[in-house]
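Understanding the architecture of this molecule
These are the residues of each chain, in order.
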Amino acid sequence: MIVAETKPIEEIYGFIEPYNKIMVLGCGGCVSVCLSGGEKEVGVLTSALKLKRKIDGRELEVVEMTIPRQCDWEYFDLMGSRLDEVEAVVSIGCGAGVQALVKKFPDSLVYPGLNTSFLGVGEKPGVWVEYCQGCGSCVLGLTGGICPVARCSKHILNGPCGGSEKGMCEVDPKNIPCVWQLIYDRLKSIDRLDLIEKIMDMKDWSTATDGGVRRMENPEVFALEHKQQEDKEPAKG
Amino acid sequence: MAETEEKVEEKQPKQPVDPNFVPKIVAFCCNFCAYAAGDLAGSTRTEYPSNIKVIRLPCSGRVDTRLLLRAFEEGADGVYVAGCEEGSCHFAEGNYWAKRRVKNAKKLLDEIGIGGERLEMFNFSASMFDKFVANAKIMDERIRKLGPSPVNVAAAKSK
Amino acid sequence: MGEAQEKANSSEMISGSNLEKIFRAGHFAITTECGPPKGADVERLKEKINHIKGCCDAANVTDNQTAVVRMSSIGASAILVQEGVEPIMQMVTRDRNRIAAQSDMFGAHALGIRNMLCLTGDHQKFGNHPTAKNVFDMDSIQLLKVIDHIRTENKVIGGDDVEGPAKMFLGAAANPFGDPFEFRVFRLAKKIQAGANFIQTQCIYDMDRFKKYMQMACDHGLDKKAFIMAGITPLKSAGMANYMNKFVAGISVPDEIIQRLKGTPKEKQAEEGIKICLEQIETVRNIPGVAGVHLMAIEWEHKVRGILEQTDLLPRPQV
């Protein structure tokens, strides 16, 4: 799941300063689950912005709306013509949602209401932890299903470093477990310590963000799209 | 758990108290304790500040951030939630949820510029009508000292 | 110790650094540390160099230690070369990717630097630029492999030929007290397998645990594949002992040492700390598999000579 946090009210308030009528658009996907961008959070942000405006002696009209996902085109249709009513939109979807909105409605002014943080798991109610960095070449098969790329503060592939003490990482001993301790314990329990007795070679980061902007194609579906375009073209010969 | 009055005073810059100011205070009261205690206060003819607007809830756990903010949007100068004593919630843990939400909303109110000290949480049982009265008085006094909510100040200016 | 040298002697000299020669001649080696200044103050650096000149076989030049910005380890190491003290240039992967690391190594070699210690480096959170982006393209073990690849294959890791030889005597750090303890020796083995010729340990106070660690290392034959040096840091006061014990990850100071310092009047604690340090040096010299001492006198470089003069380790042998 994509985990995101609400931006400081002050920052969002600054974005919408010039406008009198805005939309606060929530997303029913990941950010709803991590309680930062769903229907309820739309309500809270709306109230907060309205109150702050009132203190400044100005009214703010807000259209509240939440669509199932902001990262797929079809859901934007659910917004109907509500977008035409407002001067700007504060999206509390993740960074992908905000940008999809901009791409879909190039004439609209869209501002982010969240800081998109990481790919994670809700470890317990109210606590989300980074588990994956989307590096593009998964090493979980060599590390007992526990990721050192995302969960080691120094992304060490041959850990643990000297900063591992009593199972915790020195970068934040209260909150970050030493992932190499976890990997060691896990591999020991499944009798596969042999996996980390070998040196893990330098990683190919070209599959990560370091390789440039990434894309993924599904040849079947992608080909279908081409086919449709081809269908529209006049038949040759 | 409630903020002490000394602490609240430290937070707020001293300003002259307007003797004519009657704060609008909303009290979200749990049906099983605070609301019943309010009833009892009535039956025993114990007086409490008349500017407290009581809203009856099935449980203090019914409050959420939005509801608390809405009260301020609608013109409240102060808001408080009154739930059962900790460990005695009719729905097991509703009052603990309320406690966390109030704590969180206080932070948000600070961010907005209204001030978290205008929101409070109290816990007492159905028989403690004296507590109902005492807490109503605490809140009334506190808000009188703080003056009208910045939202209401701005609204008055623009008129 | 003899066997280690036997093995090492049988292979060819790698970089021919003074440190390498000392080890190969079978001497008990002494290294120390020389932290570059927080700026370009060459005079201050030279002052520090003077404190350790003649007391060690080589000196570690730290690379922005604890992520605090200082003069580069390459620049400072080059000054050590000029001043006649052999440097062990440290390099961390926190601030360099594989391109910079290889390039910097060539530059260092060209400036006469022949020892290099490969580290992952402290997280930037601990330094004076906690908002920086880190690199960590590789970890210390992978960096060792990259530099080892250059000296054995004469090719950069990307495959191109290297112009002119560039051979470093390679070192690595080891923390015998980090967790999980059982895995520490395996990790040491990985470092040696990756190309480390010598190992400097984190400062040791818990001698019993270190003996156990060395026993395990010897059981794996690691003392015969690399020269293992015991890290020693003199304690200046009971307060410092307490701090190291409580707040520095991977360091444990036994209670008896803390108590011993506490039981000493404040003005005599530094002296007592040095006494403890001398005892520790004697102890590690007698632990099988220990080929030298790495004396880290943190912000106490001027005491190094005084400490070593009380042992029979000075003057340093000429090789």
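Definitions and cut-offs
- Residues numbered from 1 in each chain as written.
- Chains lettered and ligands numbered in written order.
- Predicted model: local features only at pLDDT ≥ 70, side-chain atom pairs only at ≥ 80, totals over all residues.
- Heavy atoms only, no water.
- Helix = DSSP H or I, 4+ residues; strand = E, 2+ residues; numbered from the N terminus.
- Rg over C-alpha atoms; globule rule 2.2 N^0.38 Å.
- Buried < 20%, exposed > 50% of the residue type's maximum accessible area, 1.4 Å probe, protein only.
- Contact = heavy atoms within 4.5 Å.
- Areas by Shrake-Rupley, 256 points an atom, 1.4 Å probe, with all protein chains shown as cover.
- Lys, Arg positive; Asp, Glu negative; His and termini not counted.
- Charge placed at Lys NZ, Arg CZ, Asp CG, Glu CD.
- Buried area = accessible area lost by both parts, 1.4 Å probe.
- Salt bridge = Lys/Arg side-chain N within 4 Å of Asp/Glu carboxyl O.
- Polar contact = N/O pair within 3.5 Å; in protein donor to acceptor, adjacent residues only side chain to side chain.
- Nonpolar A, V, L, I, M, F, W, Y, C, P; charged D, E, K, R; others polar.
- Pairing = 2+ DSSP bridges.
- Axes fitted to C-alpha atoms, helices over the stretch in contact; angles between N-to-C directions.
- Core = buried A, V, L, I, M, F, W, Y, C linked by side-chain atoms within 4.5 Å.
- Right-handed = clockwise from strand over helix to strand, strands pointing away.
- Phe/Tyr/Trp six-rings, centres within 6.5 Å; stacked < 30°, edge-to-face > 60°.

1. Points about the overall build of chain C
A count of helices and strands for chain C gives 13 helices and eight strands. In summary, chain C has a C-alpha radius of gyration of 19 Å against a globular reference of 20 Å for 319 residues, a match within 12%. Projected onto the principal axes, the alpha-carbon positions of chain C cover approximately 60 × 45 × 40 Å. Per-residue burial over chain C gives 57% buried out of 319 residues. Considering only contacts within chain C whose residues lie at least 6 apart along the sequence, 77% involve residues at least 24 apart. Of the accessible surface of chain C, which amounts to about 13,000 Å², a share of 50% is contributed by carbon and sulfur atoms. For chain C, the distance from the average position of its 39 positive side-chain charges to the average position of its 39 negative side-chain charges is 3 Å.

2. Comments concerning the interface of chain B and chain A
Taken together, the 15 residues of chain B in the interface contact 16 residues of chain A. Here chain B meets chain A over a buried area of about 1,400 Å², counting both sides, of which 64% is carbon and sulfur. The largest per-residue losses of area from chain B upon contact with chain A belong to Arg66(B), Glu73(B) and Ile112(B), which jointly make up 45% of the total buried on that side. Where chain B meets chain A, there are one salt bridge.

3. Some details on the pattern of salt bridges
Under the definition given, this model contains 33 salt bridges over all chains. One salt bridge in this structure joins Asp148(C) and Arg151(C), with 2.9 Å as the shortest N-O distance. Taken together, the positions of Asp148(C) and Arg151(C), both in helix H6 (residues 140–153) and three residues apart, correspond to about one turn of that helix. Overall, the relative accessible area of 18% leaves Asp148(C) in the buried class. Each of Lys21(A), Glu61(A), Arg82(A) and Glu85(A) takes part in one network of salt bridges that share partners.

4. A word on the interface of chain A and chain C
Contact with chain A, which involves 30 residues of that partner, is made by 33 residues of chain C. Contact with chain C buries surface across chain A, with Lys154(A), Ile199(A) and Met202(A) losing the most and accounting together for 25% of the total. Seen at the junction of chain A and chain C, the total is two salt bridges. A salt bridge links Lys145(C) to Asp201(A); the nearest nitrogen and oxygen atoms lie 2.7 Å apart. In this structure, the connection of chain A to chain C is made through 20 residue pairs in polar contact (both at pLDDT 80 or more). Elements represented by at least two residues in the side of chain A that touches chain C include exactly strand E8 (164–165), helix H7 (179–189) and helix H8 (194–197) of chain A. Ranked by the residues each element gives to the side of chain A that touches chain C, the list is headed by H7(A), at three residues. Grouping the amino acids of the side of chain A that touches chain C by side-chain chemistry returns 11 nonpolar, nine polar and 10 charged.

5. A look at the sheet that holds strand E3 (residues 87–92) of chain C
Paired through their backbone hydrogen bonds, the strands of a sheet run either parallel or antiparallel. Residues and elements named next belong to chain C. In space, the eight strands of this closed barrel follow the order E1-E2-E3-E4-E5-E6-E7-E8, with parallel pairing throughout. If you compare each strand with its neighbour and ignore which way they point, the axes differ by 30° on average. Sheet topology note: the strand E6 (residues 198–203)/strand E7 (residues 227–232) ladder contains four bridges and is parallel. Of the residues in E7, the one forming a bridge with Phe-198 is Phe-227.

6. Things to note about the sheet that holds strand E5 (residues 110–112) of chain A
Residue and element names in this part refer to chain A. Ordered in space as E3-E2-E4-E5, the four strands form an open sheet in which the pairing is parallel. This sheet does not close on itself; its edge strands, each paired only once, are strand E3 (61–67) and E5. Strand-to-strand, the axes of this sheet are offset by a mean angle of 25°, without reference to chain direction. Here four bridges tie strand E2 (residues 21–27) to strand E4 (residues 88–91), and the two strands are oriented parallel to one another. When the sheet's bridge partners are listed, Leu-25 is paired in E4 with Ser-91. The strands touched by helix H3 (residues 39–55) are E2, E3 and E4; relative to E3, the strand with the most contacts, the crossing angle is about 165°. Contacts from helix H5 (residues 95–104) reach E2, E4 and E5 within the one sheet, and its direction differs from that of E5 by about 175°.

7. So, the arrangement of the chains
Across the two pairs of chains that are in contact, the largest number of contacts falls between chains A and C. Separated in space, chain B and chain C share no contact, their closest pair of C-alpha atoms being 24 Å apart.

8. Focus: the nonpolar core
With 74 residues, the main nonpolar core has Met116(C), Leu188(C), Ile199(C), Phe210(C) and Val284(C) as its most contacted residues. Tallying contributions element by element places H6(C) first for this core, with six residues.

9. Here we look at the side chain of Asn51(B)
Checked against the element boundaries, Asn51(B) lands in the loop between helix H2 (34–43) and strand E2 (52–57). With relative accessibility at 8%, the residue Asn51(B) sits in the buried group.

10. Some thoughts on the side chain of Asp64(B)
As for its placement among the helices and strands, Asp64(B) is situated in the loop between E2 and helix H3 (65–73). The buried charged residue Asp64(B) lacks any salt bridge, with Arg62(B) as its nearest oppositely charged partner at 4.6 Å. Beyond its immediate sequence surroundings of up to four residues, Asp64(B) is in contact with Lys40(A) and Arg101(B).

11. Thoughts on the pairing of strand E2 (residues 58–61) of chain C
All names here are of chain C. Residue alternation in E2 divides its side chains into two sets, Ala-58 and Asn-60 and Ala-59 and Val-61, and both sets are buried. Bridge count between strand E1 (residues 29–34) and E2: four bridges; the pairing is parallel. Paired with Thr-31 across the two strands is Ala-58, which belongs to E2. In this view, the connection linking E1 to its parallel neighbour E2 by way of helix H3 (residues 42–52) has right-handed handedness. In the sheet, E2 pairs with E3 via three bridges, with the strands oriented parallel. In the sheet register, Ala-59 faces E3, and the bridge partner there is Pro-87. Taken together, E2, helix H4 (residues 73–83) and E3 constitute a β-α-β crossover, and its handedness is right-handed.

12. Overview of the environment of Leu278(C)
With respect to the helices and strands, the residue Leu278(C) is situated in helix H12 (residues 269–285). Put simply, Leu278(C) and Thr311(C) are 33 residues apart on the chain and 7.5 Å apart in space, counted from C-alpha to C-alpha.

13. Section: H4(C)
Because an α-helix completes one turn every 3.6 residues, residues spaced three or four positions apart along the sequence face the same direction. Looking at H4(C), one finds that the buried residues are Ser73(C), Ile74(C), Ala76(C), Ser77(C), Ala78(C), Ile79(C) and Leu80(C). Of the residues flanking the end of H4(C), it is Gly84(C), one or two places downstream, whose phi is positive at about 85°.

14. Quick look at the packing of aromatic side chains
Tallied over the entire structure, the rule returns 16 aromatic pairs over all chains. Ring geometry for Tyr19(A) and Tyr111(A): centres 6.0 Å apart, planes at 35°, overall tilted. Within this pair, whereas Tyr19(A) is found in the loop between helix H1 (9–15) and E2, its partner Tyr111(A) is found in strand E5, the two being separated by 92 residues in sequence. Looking at Tyr19(A), the relative accessible area reads 11%, which means it is buried. With a centroid separation of 5.3 Å and 80° between ring planes, the pair formed by Tyr80(B) and Phe122(B) is classed as edge-to-face. Of the two residues, Tyr80(B) sits in strand E3 (residues 78–83) while Phe122(B) sits in strand E4 (residues 119–123), which places them 42 residues apart along the sequence.

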